[in-house]
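Report on the structure
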Amino acid sequence: MKTRVFVRFTALLCLCFMFFFSSCGGGTDNNNSTGMETTVQEKGIDEGDIVKAYDGYIYKAQSDGVSVVKYDGPELTFVSGINISEVTPRELFVCGDKLALIASCGPYDRATAVFVLSLDENKIISHTPLYSAVFPADYVSSRLFKETSKLYVFTRGENLPAETDIGHTYTENGEEKEAPYETLDVDGYKTDAMKTNGYRSAPSYFLKIDLDDMRSTVTSYGNCYFYDVYVTENYVYGIFALCAYNSLTNKNNSCFILRTDAETLAENKLSALKDNEIGSRLSLKEHGEVLYAVSKNLVGGWCAVTSFDGDMNKISSLENIATGETLKSVTFVKTETSLSCYIVTYRNKDPLFKIDVTDPENMAVTGELSVPGYSTLSHAFAGDLLVTVGYGGDEEKADTKTLKISLYHTGDEPTEISVYTIENLVSCEALDNIHAFCVDDERKIFAFSVKQRKDGTTRQGAYIFALDVNENAEDSEIKPLAYVTNFPNGYGSENWSVTYRLISRLLIDDEYAYSVSDAYVKSYSVADIESGSAEPLRSVFTGLGGLEEITL
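Treat the numbers as computed from the prediction; the structure is a model and nothing was measured.

**Concerning the overall build of the chain**
The number of helices and strands found in the chain is two helices and 47 strands. Taking all 552 residues of the chain together, 60% fall into the buried category. Long-range contacts, defined as pairs at least 24 residues apart, comprise 54% of the intrachain contacts of the chain with a sequence gap of at least 6. Looking at the chain as shown, the accessible area adds up to about 21700 Å², and 44% of this sits on carbon and sulfur atoms.

Rendered as structure tokens:
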């Protein structure tokens, strides 16, 4: 009989403030991902997610805690778990014998909690944290450098009433500490935290933890509304705007890119894109010493690609792309000799632009294609093949109740060569979260979960596809393989049991696939999936709710 360990984390130092967050979906370059790994932007740099597979175990951050399930072929065994109250688990990492959990806490989940827990040889989760910290700021994102065991966590400050005096303090291992405070200034854009118009800005925090010795580095920034972070091997690129209520209100349409050294979280370089906004980290790409950024100009209404040198000075900017269109997704595709950028925009149909950015001084649009609907996520496969996920529609408007999966050949001129649609759409996380898009690049298999509703009945599960690649790449097509669900009969109603059965991630190993939801994990044969028959082989319950908690 397996031992279960349950933990209750009490949130500290919690503040309440409102926020606004906007993002632009996108994709990644060819990173040779496998279905048991999270789809990430940079190879070797892991990104926080609600599911991680590591060395024969599946770790799941779920609504009531964290569970560990051992997988051995089709066999599934619940190993351990922690039952958590007063915090909302957001993402996790596994690094050797340590599990790092990032959670939101406090009123309206306005604070960020970080915990590092140990795993014994049987993968039992310790109920005593090796490290804990609470920051009075919104959670933004996290990264793990696998080779160096460095964990990075990024939070975002907000606008608060001027009488609020919170300083730059946070709680680490139960002690209140003062974070070093950074101010930034470029071309008159000052980021010092100031009290004007009845408001002041709370600090944003960058945290680095060495998971080998638990040493941490924290830096805080005032007046910076960080809304996404792009991390490479050497640098952290923070995308931010100035908090709204300050003396620089007339410059608040500008977007900023802050580059800091990944090791020290110092040596800042800053660039401003006046009257522009960047939708998400997927709009940035580091290539050698050059950084590329795709933005939307808020005055001219067009999209632009801007290149920066190693000191974050602007090299050039390719502007006036898709005037009057809304920027929907960005994908950078890197080969041995070139770097291309694919931009999807939308007004009443979907233009796909191919841009050659290999030479940062001479970027150029080299292809354009318009199709009905629009896509919000894309992934590049070898052989000039690009898969996108978005909405269907006609020449007049998009249809948000129809999910459209397209396959493009992106040679000299982009061509849509295959389309698959899913009707009665309610929601699909993969539309704006690349982590929900399961990819096996080698076998050209991809999968994601979809929630549908028809005739008063809810249907939710994961669709699994493969690319049927022809010798002539332009004759390739999307091939539907199977549909798997964690519902007993494939359907259910809107209630607690359905919530716990909604598939959040699908993992694909060499011979088996695993559908993961809040309280269940099921196994399937990949051979059966490829033949179109996908009956579950095993199932394990991982629900932690209602079980005894241990208070720290």
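That was the structure; now back to the text.
**Details of the environment of Leu 403**
Note that Leu 403 resides in strand 37 (residues 398-409). Sequence-distant contacts of Leu 403, defined by excluding residues within four places in its chain, comprise Val 389, Gly 390, Tyr 420, Thr 421, Ile 422, Leu 425, Cys 428, Leu 431, Phe 448 and Val 450.

**As for the sheet that holds strand 16 (residues 181-182)**
Strand order in the open sheet formed by six strands is 2-11-12-20-21-16, and the pairing between neighbours is mixed. Edge positions in the sheet fall to strand 2 (45-47) and strand 16, since each has one partner strand and no second. Pairing of strand 2 with strand 11 (residues 138-145), which is carried by three bridges, proceeds in the antiparallel orientation. Considered in strand 11, the bridge of Ile 45 is made with Phe 145.

**Some details on the pairing of strand 38 (residues 415-422)**
On a regular strand, each side chain points to the face opposite its neighbour's, so the side chains alternate between the two faces of the sheet. Summarising the sheet, strand 37 and strand 38 pair through seven bridges and their orientation is antiparallel. Looking at strand 38, one finds that Lys 404 is bridged to Thr 421. Linkage of strand 37 to strand 38, two consecutive antiparallel strands, is achieved through a turn of five residues.

**What to know about the environment of Ile 478**
If you trace the backbone, Ile 478 turns up in strand 43 (residues 477-484). Taking C-alpha positions, Ile 478 is 6.2 Å from Asp 468, a pair spaced ten residues apart along the chain. Filtering out sequence-adjacent residues up to four positions away, Ile 478 remains in contact with Ile 405, Ser 406, Leu 407, Ser 418, Val 419, Tyr 420, Phe 446, Phe 465, Ala 466 and Leu 467.

**Focus on the side chain of Thr 219**
Looking at where Thr 219 falls in the secondary structure, it is placed in strand 21 (residues 215-221). When residues no more than four places from it in sequence are discounted, the contact partners of Thr 219 are Pro 180, Glu 182, Ser 204, Tyr 205, Phe 206 and Leu 265.

**Description of the pattern of salt bridges**
Applying the stated rule across the entire model yields 17 salt bridges. Of the charged contacts, one joins Glu 47 and Arg 281 as a salt bridge, the two residues approaching to 3.0 Å between their closest N and O atoms. With a gap of 234 residues between them, Glu 47 in strand 2 and Arg 281 in the loop between strand 26 (276-277) and strand 27 (284-287) connect regions that are remote in the sequence. Of the charged contacts, one joins Asp 138 and Arg 110 as a salt bridge, the two residues approaching to 2.9 Å between their closest N and O atoms. Of the two residues, Asp 138 sits in strand 11 while Arg 110 sits in the loop between strand 8 (98-105) and strand 9 (111-118), which places them 28 residues apart along the sequence. Accessibility classification places Asp 138 together with Arg 110 in one group, the buried group. Look at the salt bridges and you will find they share partners, linking Asp 49, Glu 429 and Arg 505 into a network.

The rules behind these values
Residues numbered from 1 in each chain as written. Predicted model: local features only at pLDDT ≥ 70, side-chain atom pairs only at ≥ 80, totals over all residues. Heavy atoms only, no water. Helix = DSSP H or I, 4+ residues; strand = E, 2+ residues; numbered from the N terminus. Buried < 20%, exposed > 50% of the residue type's maximum accessible area, 1.4 Å probe, protein only. Contact = heavy atoms within 4.5 Å. Areas by Shrake-Rupley, 256 points an atom, 1.4 Å probe, with all protein chains shown as cover. Pairing = 2+ DSSP bridges. Salt bridge = Lys/Arg side-chain N within 4 Å of Asp/Glu carboxyl O.

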